[in-house]
Amino acid sequence: MKSRPKVIWFIETIYFIVKVSCLFWGLLLKKGVIYGWGKTIGQLMEYLQGPDPYHDSFRKTKRKEKQSVPYDLFLSGLTTFAFSLFILSWLTILQKPSAFSIFLVAVGSFLWICCLLFYPLYLSSSEKNGAQLVYQTLRQLIFERFNYTLSGFILLFLFIVITVTKNLLGLVIFPGLYLFLYQIYLQKLTNKEIEDDLCK
């Protein structure tokens, strides 16, 4: 079977990122925004890990039984706070730039990105104890998967900077890009684990 031309792959990938972004914002609104981040990210992660997310319908994707996530309301509320701080501070800069509003944009975007990097690892764990789950996820972010944390933070922060300085439309496709990059990382990690097992 011949591989697809790079141009076609690029167009399909852009379309897919936009599609996932639209699903993200739609689900987030449907779940009430403030406490919907965890459930939205979890549903889309499940969809992206399906056999063929590029062509499968999201509505027809089989869902696993819903399980409660420890501290989900708190984490979703924190993510909403960070996102709101980022957006409101940025709008303030457009009206009347100041050092304080720039500082708030930096704090809001930093906290929001941290939440987005935290969630996929947090939701992927099978740990049931809330405190242990938080500790395990933080340990992964800081020590075990620091390359994921650093590269993910840099890429997402640069995208935010380009978005707020060039075109706000980028913020619309931000979730799709973020989840797409995470799936690439997850696939590489899985392949590496398989190679390590074969070498043993």
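Structure first, text after, so check above.
Residues numbered from 1 in each chain as written. Predicted model: local features only at pLDDT ≥ 70, side-chain atom pairs only at ≥ 80, totals over all residues. Heavy atoms only, no water.

**A short note on the overall build of the protein**
Thought 1: The helix and strand inventory of the protein stands at seven helices and zero strands.
Thought 2: Counting only residues that meet the buried cut, the protein has 37% of its 200 residues in that class.
Thought 3: Contacts in the protein between residues at least 24 apart in sequence constitute 68% of all its contacts with a sequence separation of at least 6.
Thought 4: When the accessible surface of the protein is split by element, carbon and sulfur atoms take 67% of a total near 12,900 Å². (Helix = DSSP H or I, 4+ residues; strand = E, 2+ residues; numbered from the N terminus. Buried < 20%, exposed > 50% of the residue type's maximum accessible area, 1.4 Å probe, protein only. Contact = heavy atoms within 4.5 Å. Areas by Shrake-Rupley, 256 points an atom, 1.4 Å probe, with all protein chains shown as cover.)

**Overview of the nonpolar core**
Thought 1: Grouped together as the largest cluster of nonpolar side chains are 43 residues, with contacts concentrated most on Trp112 and Leu179.
Thought 2: Those elements that provide at least two residues to this core are α1 (6-30), α2 (37-48), α3 (72-95), α4 (99-124), α5 (130-144), α6 (146-166) and α7 (169-199).
Thought 3: For this core, the element with the most residues is α4, which contributes nine residues.
Thought 4: With sequence-adjacent residues up to four places away left out, Leu179 is seen in contact with Val20, Phe24, Ile41, Leu44, Met45 and Leu48. (Core = buried A, V, L, I, M, F, W, Y, C linked by side-chain atoms within 4.5 Å.)

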